[in-house]
Amino acid sequence: MTLKQTIIRWQPGPLQIIILLSLFQLFVTLLTSGFVLSFDEAMWHYIGRNWFRHGLISYSGGIDNKSPLVFAIFGLSDMLFGVNYWFPRILGTMCQSVGIYYVYKIAKHLAGKQAGILAISFYGLSLLWHATGGEYVSFTETYEVTFIIVAFYWSITAQNSKDSFLSGFIGGIALGFRLSAFFCIVTLFIASLSKSKTNAFTFLAGVLSGIFLLVMIGIFARIDVHNLFTYMFADNFGPGSATDHTLAWRLENLSDKFLYSPIILFYPLVLAYLFIKRKVDLFVLWLIFAFAGINVIGIYDRVHLKELLPALSLMSAFAVNHLMSPYKLPIKLVMVIIWIIFFPKLLQPFDNLKKLLGRIPDSQDKYCLAPFIKPDEGSCKKLGWWVKSNTPVQEKVLVAGYGAQVQVYSERVSPTVYFNVTQTPIAKKRFFHDIRMNNPGMILIPLFSEYQHFVDQDMRIFIDTLIKKNYYLDRCMYSYNIYKIKILEPRAKNQEPRY
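First, a word on what this report is: a plain description of the structure on this page. Note that the structure is a prediction, hence the values are computed from the model and not measured.

Another point: empty space enclosed by the protein. According to the stated counting rule, one finds five cavities of 30 Å³ or more in the structure shown. Every element with two or more residues in the lining of the largest cavity is listed here: β1 (397-399) and α22 (457-470). Counting residues per element, the lining of the largest cavity draws most heavily on α22, which supplies three residues. Among the residues forming the lining of the largest cavity, the class breakdown is 11 nonpolar, two polar and one charged.

So, on to the pairing of strand β3 (residues 471-477). Direction of pairing for β3 relative to strand β4 (residues 480-485): antiparallel, over a ladder of six bridges. For R475, the partnering residue across the bridge sits in β4 and is I482. The hairpin formed by β3 and β4 contains two residues between the paired strands, and Y478 there has a positive phi angle of roughly 50°.

Turning next to the nonpolar core. Ranked by internal contacts, the top residues of the largest apolar core, which has 71 residues, are L118, F266, F283, W286 and L314. The next biggest cluster of nonpolar side chains, apart from the first, holds 54 residues, and it includes A42, Y59, Y231 and V417.

Our focus in this paragraph is helix α6 (residues 113-126). End to end, α6 covers 20 Å across 14 residues, agreeing with the expected 20 Å (1.5 Å per residue, within 8%). The element α6 is largely enclosed, with a buried count of 12 among its 14 residues. Of all the positions in α6, only A115, G116, I117, L118, A119, I120, S121, F122, Y123, G124, L125 and S126 are classed as buried. Where the residues of α6 are buried, they touch α2 (14-30), α5 (86-111), α7 (140-156), α13 (267-277), α15 (309-327) and α16 (331-342).

Moving on: the environment of L76. With respect to the element layout, L76 can be found in helix α4 (residues 68-81). Considering only alpha carbons, one finds L76 and H45, 31 residues apart in sequence, at a separation of 9.2 Å.

We now examine the pairing of β4. Taken together, the five bridges between strand β2 (residues 442-446) and β4 define a ladder with antiparallel strand orientation. Bridge pairing in β4 links I443 to Y483.

Applying the stated rule across the entire model yields 13 salt bridges. Where R53 meets E411, a salt bridge forms, and the shortest distance between an N and an O atom there is 2.9 Å. On the criterion of sequence distance, the pair formed by R53 in helix α3 (residues 39-54) and E411 in the loop between α19 (404-410) and α20 (425-437) is long-range, its members being 358 residues apart. Classification of R53 by relative accessible area gives partly exposed; the value is 36%.

A word on the side chain of K306. Tracing the backbone shows K306 in the loop between α14 (282-297) and α15. One buried charged side chain, K306, makes no salt bridge at all; its nearest oppositely charged neighbour is E141, positioned 7.4 Å away. Among the polar contacts listed, one links the side chain of K306 to the backbone oxygen of T132, at a separation of 3.5 Å.

Following A370, the chain continues into P371 via a peptide bond in cis, with omega recorded as -5°. Position of P371 among the secondary structure elements: in the loop between α17 (347-358) and α18 (377-389). Positive phi outside glycine occurs at C368, with the angle close to 60°. Residue placement: C368 occurs in the loop between α17 and α18. Its identity as a non-glycine residue notwithstanding, E411 has a phi of 55°, on the positive side.

In contact at an axis separation of 9 Å, α5 and α7 are set at 25° when each is read in the N-to-C sense. The orientation of α5 relative to α7 falls into the category roughly parallel. For the pair α5 and α7, the crossing hand works out as left-handed. Of the residues belonging to the contact of α5 with α7, the class tally is 14 nonpolar, six polar and one charged.

Quick notes on the rules
- Residues numbered from 1 in each chain as written.
- Predicted model: local features only at pLDDT ≥ 70, side-chain atom pairs only at ≥ 80, totals over all residues.
- Heavy atoms only, no water.
- 1 Å grid on protein atoms, 1.4 Å probe; cavity = no way out; pocket = protein on both sides within 12 Å on 5 of 7 lines; lining within 4 Å.
- Points joined across faces, edges and corners; volume = space filled by probe spheres on them.
- Helix = DSSP H or I, 4+ residues; strand = E, 2+ residues; numbered from the N terminus.
- Nonpolar A, V, L, I, M, F, W, Y, C, P; charged D, E, K, R; others polar.
- Pairing = 2+ DSSP bridges.
- Core = buried A, V, L, I, M, F, W, Y, C linked by side-chain atoms within 4.5 Å.
- Buried < 20%, exposed > 50% of the residue type's maximum accessible area, 1.4 Å probe, protein only.
- Expected span 1.5 Å × (residues − 1).
- Contact = heavy atoms within 4.5 Å.
- Salt bridge = Lys/Arg side-chain N within 4 Å of Asp/Glu carboxyl O.
- Lys, Arg positive; Asp, Glu negative; His and termini not counted.
- Polar contact = N/O pair within 3.5 Å; in protein donor to acceptor, adjacent residues only side chain to side chain.
- Axes fitted to C-alpha atoms, helices over the stretch in contact; angles between N-to-C directions.
- Parallel < 35°, antiparallel > 145°, perpendicular 65-115°, else oblique.
- Left-handed = near helix turned anticlockwise from the far one by under 90°.

Right, dumping it as structure tokens:
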């Protein structure tokens, strides 16, 4: 057999495709964001580090609205390798690859190997898109969606009560990573109920068992259950929270994510699937409830679209697989078309790779001059390194505004659990209290306009008042004014201390 004939006859198997997709994922995620922790990753790494390195339990050493499970992942990353961005992304890629494999297993179980190959192509490629947060593979959505996919597989292939229980248990673990998994769990419960009441009861018992296990682990780790409920759920839907946006803002972001992004490539295939099936089946229900969850949260972040991709990919694969037979379309031709149309644009990774190979020196000349520009992620890392080298290990450092990246690379503890701006009434009260009780040795104040636009005036006035009383300006770096606390002068008997 000639080499040409071998190439023509060669057809990659599912494992080979998954490995290729994983390599593409690593290329996208490791060569993005300036080789630093992204804004959200920096928050989780900071909280995880305080937990694993300093014994400050989740929600005691820093507050964000995510699960302690993601803080533990980043805490483990810090414990093993220090401040790094690559370990959580590699781990996330491995987890995501498991999800891709189970998408294949679902499609193969229902429609054969060919449908499975199509499904992992649709799913794996769409996960790489910038529009779906392809570079942010370390985010909670990756773990939640993977566990949900596995839960769907066990529900679809369930032969007995044990399988139904396992499906629910895995769904409960998914809920531990991200509360939006609730909507997919409802889908699975409805599917179980359509089989039998016993099946639904067993599934629900599995969900509750998974949640109970996570709660017991949290209690064993001394995580306060009240804090868990408050910061992960209750304090995320009021004034000043992450979901506090106008209707106009929501509609603009809804249209941006669903009308002006590559997600529209799925729409014709989904319509074809609906035309073929002519009913609301499990996958249509999965898509409806996942979409409902995105709208309930109402932030419309790019990574939230990951919730929709498994259902969209499976429906598209089933539709294409159904149409291939009557039109006698060869699988290789269809695969080439899918990969051409769905393949992501890789401009940002290549740009970062060029910067890495070119070793272009960073200049501070563009900073600290009006109009002040916001430092990029690489500059935030360098500023954090400067703070680390110019402060004692035990000194508290406050980075005002949205400065989590500077904070995490400084390896210094903030004087407040709200080290990154959160502007709910609960957060503000705690922030003011913490700063009054623990004056930091150094305060960094942004000069760029985002600080004035997105941080409430009362918080800015509070910090400005503190600085005028107890601090002096040391220098400006990367569009941050850096203030150091005044040294107390010796005082005579019965005299108030002077600064």
